[in-house]
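# Fold and geometry: a report
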Amino acid sequence: MASSINHKSLATFSTSQETNMLLRNNELKISLGIAGGVVLVSTAGLGIYLSQLTSAYGLDSGLVTTGCAWLLLTSAILISIFGLFTIWRYRQLRNLAARIDEALHSDRSISFASMSEGELAILANEIDKAFTRLHRTNETLAQERTFLANSLADISHQLRTPLTSLGLMLALARKDLKGLSETSCTPSQLALNANHTSEDSCYSNLAKHVNIARQLVDQIQWLVESLLTLARTDAGAIALQHEQVNVEALVKAAASPFEVVCELSQIQLEYNIDPTIHFVGDERWTSEALKNILKNCLEHTKPGGSISIRASQDTLACRLCITDTGSGFDPEDLPHIFERFYRGKQRSSCQTTGETSQPHSVSIGVGIGLALAQSLIVAQGGRITASNNTNPDGSVAGARFDITFFKAIV
C-alpha cells in the first residue's frame, strides 16, 4: 500500500508541492546563495568603480545608480532563468522517478525513447539498460523456478515407480519366506530333494523376486548418480581434463559392461576403430556419455540385432557414429530426444504394454541418459545429434547418434 501511495504521489504533485520541494532542496539553496553573493559582490564592486570614475572625471553621479540598477536587473533575469531551468530539470527528474516507480510496481517495461539528448537522456538510457537486464534476469529466474518445480515432480515420479515396485517385490519375497518357514526342510535340503515341488517353486520365486529387487535398487542408484552428475554439470562443478584420448580404448572401455548383456540377448556389438584416432578431452566423462548412449541402443534393439560403433577423423574433428538395428525414433520425438525426462511415444507404449526389446538386465530408462550424455559432450566443446539410420529404400533401419569432437575452435 505504501508503495502504491508513493507512486501516486509522484504523479500528482501540485505546483505548491513542487515549490516546497524545491525550497527544501539543499543543493538549490547553496546555488541560490552563491549566485546572490556573487550578485551583491559584483554590485558593490561596480558601485565603487563607478564612484571612482565620477569623482575622477566629474561624471554624473546618477551613472552609479543606473549601472547598479542594470546589474541588479541583469542578475535578477539570469537568476530567474536559472530558477526556471532548475524547476524544469527537477520536473524532468520527477517524471523520470515516476516512470521508474511505475515500472518497479507493475509488469510494464520502461522506455525512454521520447527523451531528447542531454545528461538526463544519458542517465535515462543507462537506467533503461539496467531495467532491461533486470527484466531478463527475472524472466530467467521465473523459467528456472518452473524448470526446477517440473524437474522435482519428474524426479519424484521416477523414484516413486521403482520404489513402489521394490516394495512389491519385497512383499512377495516375504510371502515366499513365510511359505518356506512352514515347511520342515531347509533351502539346502530342498535343493537336494526333487520331490518337494511346491517348496522348490517357492524357493525359485523367492530368488526371482530378490533378483528383481536388486535390479530395482541398481536402477535407483543409477538414477540418483545420473541426477547428481547432471546437477554438477549444470553448476560447472565437474573438472574436465584436456588430454589425448585414444578412441579405440575409449570405446572398448565403455562397451565392456554391456558385453554380457549383448551375448545373453544375442545382440552383436560391432566396432572396428583405427588405433591412431584420438581427440583432446576427458576420457572418464566421455566414457560415461558413451555408456548412456549404448544403454539407450540396447533398450531398443531386439534379440538378433546389432549395435555398430564407427570412428573417423580429419583435420577439423574426430567423429564417432553409433547405430543400432532397433525401431529408430518417431519423427515427432527427434526434436526432444535430448530433453530431460522426455520419453518418446514408442518407449511409453512399450512400458504401457509391458513389452521391451531388451529382456535382460538393461531396464527401460527414465529419460535422463541421453540428456546426461549431451551435457557431458557439450561441456567438452563437442556436439551430439540423433537421427534415424535408413535403408537404401528410405525405410528406418534403426537409431543413429553422431558425436563430434572438434580439434580447434575457429
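The structure this text deals with has already been given above.
Below is a short write-up of the structure. (Residues numbered from 1 in each chain as written. Predicted model: local features only at pLDDT ≥ 70, side-chain atom pairs only at ≥ 80, totals over all residues. Heavy atoms only, no water.)

## A short note on the overall build of the protein chain
Of regular secondary structure, the protein chain possesses 12 helices and 7 strands. Of all 410 residues assigned to the protein chain, the portion counted as buried reaches 34%. Contacts in the protein chain between residues at least 24 apart in sequence constitute 71% of all its contacts with a sequence separation of at least 6. (Helix = DSSP H or I, 4+ residues; strand = E, 2+ residues; numbered from the N terminus. Buried < 20%, exposed > 50% of the residue type's maximum accessible area, 1.4 Å probe, protein only. Contact = heavy atoms within 4.5 Å.)

## A few points about a nonpolar patch on the surface
Together, Trp70, Leu73, Ile77, Leu78 and Ile81 line one region of the surface with nonpolar side chains, adding up to about 540 Å² of accessible area. Note that Ile81 resides in helix α4 (residues 62-104). (Patch = residues over 30% accessible without salt bridge, like charges linked within 9 Å, V, L, I, M, F, W, Y side chains within 5 Å. Areas by Shrake-Rupley, 256 points an atom, 1.4 Å probe, with all protein chains shown as cover. Salt bridge = Lys/Arg side-chain N within 4 Å of Asp/Glu carboxyl O.)

## Quick look at the environment of Arg232
With respect to the secondary-structure elements, Arg232 resides in helix α7 (residues 197-234). The exposure class assigned to Arg232 is partly exposed, which follows from its relative accessible area of 34%. If we ignore the near neighbours within four places in the chain, the residues touching Arg232 are Ala237 and Ile238.

## Overview of the pairing of strand β4 (residues 306-313)
Note: strand β2 (residues 268-271) against β4, 4 bridges, orientation parallel. From the neighbouring strand, Tyr271 faces β4, where its bridge partner is Ile309. Pairing geometry for β4 and strand β5 (residues 317-324), over 7 bridges, is antiparallel. Its bridge partner being in β5, Arg310 is matched across the sheet by Cys321. Hairpin remark: β4 followed by β5, antiparallel, with 3 residues in the connecting loop. (Pairing = 2+ DSSP bridges.)

## Side note on the sheet that holds β2
Reading across from one edge, β2-β4-β5-β7-β6 is the order of the 5 strands in this open sheet, with mixed pairing throughout. What marks the edges here is a single partner per strand, and that holds for β2 and β6 (383-390). The sheet shows a mean angle of 15° between the axes of neighbouring strands, direction not considered. With 7 bridges connecting them, β5 and strand β7 (residues 396-406) associate as antiparallel partners. Bridging from a neighbouring strand, Cys318 pairs with Phe405 of β7. (Axes fitted to C-alpha atoms, helices over the stretch in contact; angles between N-to-C directions.)

## Points about the packing of aromatic side chains
One pass over the full model with this rule turns up 2 aromatic pairs. Taking 4.1 Å as the distance between ring centres and 5° as the angle between the ring planes, the aromatic pair formed by Phe279 and Phe405 counts as stacked. Note that Phe279 is positioned in strand β3 (residues 278-281) and Phe405 in strand β7, a separation of 126 residues in sequence. Overall, the relative accessible area of 4% leaves Phe405 in the buried class. Where Phe329 meets Phe401, the ring centres are 5.7 Å apart and the plane angle is 85°; that geometry is what we call edge-to-face. (Phe/Tyr/Trp six-rings, centres within 6.5 Å; stacked < 30°, edge-to-face > 60°.)

## Focus: the state of the cysteines
Counted under the stated rule, the structure contains 0 disulfides. You can see Cys297 has no disulfide; the closest cysteine sulfur is in Cys262, sitting 9.9 Å from it. You can call Cys297 buried: its relative accessible area is 0%. (Disulfide = S-S within 2.5 Å.)

## Here's the deal with the nonpolar core
Counting 45 residues, the largest nonpolar core has Val247, Leu290, Ile293, Leu320, Ile322, Phe401 and Ile403 as its most contacted members. Looking at this core, the elements with two or more residues in it are α7, α8 (247-255), α10 (283-300), β4, β5, α12 (369-378), β6 and β7. It is α10 that provides the largest number of residues to this core, a total of 7 residues. (Core = buried A, V, L, I, M, F, W, Y, C linked by side-chain atoms within 4.5 Å.)

## Thoughts on the packing of α8 against α10
The contact between α8 and α10 brings their axes to 9 Å, and the two run at 50°. In terms of orientation, α8 and α10 fall into the oblique class. The handedness of the crossing between α8 and α10 comes out as right-handed. For the pair α8 and α10, the contacting residues are Leu250, Val251, Ala253, Ala254 and Ala255 in the first and Glu283, Thr286, Ser287, Leu290, Lys291 and Leu294 in the second. The residue inventory of the contact of α8 with α10, partitioned by class, reads 7 nonpolar, 2 polar and 2 charged. (Parallel < 35°, antiparallel > 145°, perpendicular 65-115°, else oblique. Left-handed = near helix turned anticlockwise from the far one by under 90°. Nonpolar A, V, L, I, M, F, W, Y, C, P; charged D, E, K, R; others polar.)

## Some details on α12
Where burial is concerned, most of α12 is hidden: 8 out of the 10 residues are buried. The set of residues buried in α12 consists of Gly369, Leu370, Ala371, Leu372, Ala373, Ser375, Leu376 and Ile377.

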